[in-house]
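Single-letter residue listing:
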Amino acid sequence: MNIVITGVTSGLGKALVNQFQKDIKTNIIGTYRSKQKLSLSKKKIFLFKCDFSSEKDVKNLIKKIKKFGKIDCVINNHASLGNLDYNPKKLFFLNYCSIEYFILKIFKNIKKSKKKLVINISSHAHKNISVEKKIYELSNWDIYKLSKLSLILFSKKLSNLGLNSISINPGRMKTNFGSSHYLSFFIWLYLFLIGKNPEKIAEKIYKIIKNNNFKNGCYYSNFKINKFPTLNKKLKNYIKNTI
């Protein structure tokens with residue numbers, strides 16, 4: 001099995017790599033943004049540098065992924081809260097648009113597989129989206145929320161296009177998420193106090209993939225099927241115009 005995992009430097013991405021490296025039948029294709037932060041075993045893994053906020057990097061990654069032929073599973077794990085200087089459109093591209101572009105460009109490679117599975121790591125943060133502001137007026141947190149809602153909708157779209165796709169909100173985890181944000185210390189402390197072990201989350205995701213234990217097109221919160229987000233007409237138009 002060939003599996004692509006984005007954002008393998010730390011947190012859930014690193015835990016997923018550790019989990020799949022135990023499976024002798026799996027080849028891992030991992031992406032990272034900073035080589036200095038890499039601390040992974042080189043066992044059965046192909047590593048590619050990719051900054052998902054850069055369209056050029058994403059295009060280069062697509063060329064490399066296509067050389068593998070069949071792709072059985074993709075886990076879109078990377079995400080960022082950005083920092084005070086982050087461009088809102090660039091942040092939304094990193095957290096959502098780059099994923100949509102990436103998946104649609106390697107669609108045929110995924111379709112070759114019997115499993116043909118795309119997992120989008122989402123969040124409970126997708127709720128309460130403001131539609132009163134233009135995207136360039138949104139805060140980093142609002143951009144993050146909008147991107148997570150878009151990922152849930154994208155999973156549904158992929159299931160309608162013939163792939164298997166689900167969104168998973170794994171819950172809060174003990175990770176360095178938000179490390180570039182100006183409130184990084186408080187985010188880290190909060191996650192450290194209440195977060196789950198990413199290794200345990202990775203084990204659950206591994207079992208879902210290996211056992212095909214999922215319902216296509218659904219949104220999972222804490223590994224239970226959750227109510228699909230309800231979109232009113234105003235929110236639908238807002239997302240459509242933003243993407």
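Residues numbered from 1 in each chain as written. Predicted model: local features only at pLDDT ≥ 70, side-chain atom pairs only at ≥ 80, totals over all residues. Heavy atoms only, no water.

A.B. asks: Break down the side chain of T26 for me, citing the residues and quoting the values.
C.D. replies: Relative to the elements of secondary structure, T26 occurs in the loop between α1 (11-20) and β2 (27-32). If we ignore the near neighbours within four places in the chain, the residues touching T26 are M1, I3, F20 and K44. (Helix = DSSP H or I, 4+ residues; strand = E, 2+ residues; numbered from the N terminus. Contact = heavy atoms within 4.5 Å.)

A.B. asks: Would you mind going over the sheet that holds strand β8 (residues 224-226) in detail, with residue names and values included?
C.D. replies: Judged by pairing direction, the sheet is mixed, and its eight strands sit side by side in the order β3-β2-β1-β4-β5-β6-β7-β8 without closing on themselves. Either end of the sheet is taken by a strand with one partner, and the two such strands are β3 (45-49) and β8. The average angle at which neighbouring strand axes cross in this sheet is 25 degrees, direction not considered. Relative to strand β6 (residues 164-169), strand β5 (residues 117-121) runs parallel, the two sharing five bridges. If you follow L117 over to β6, its bridge partner there is N164. Of the strands in this sheet, β1 (2-5), β4 (73-76), β5 and β6 are in contact with helix α7 (residues 198-211), which crosses β5 at around 160 degrees. (Pairing = 2+ DSSP bridges. Axes fitted to C-alpha atoms, helices over the stretch in contact; angles between N-to-C directions.)

A.B. asks: Can you tell me about the pairing of β5, naming the residues and giving the values?
C.D. replies: Among the five residues that make up β5, five are buried, leaving the element largely enclosed by the rest of the structure. Here β4 pairs with β5 via four bridges, running parallel. The partner of I75 across the bridge, within β5, is I119. Each parallel crossover has a hand, and the one from β5 via helix α5 (residues 140-160) to β6 is right-handed. (Buried < 20%, exposed > 50% of the residue type's maximum accessible area, 1.4 Å probe, protein only. Right-handed = clockwise from strand over helix to strand, strands pointing away.)

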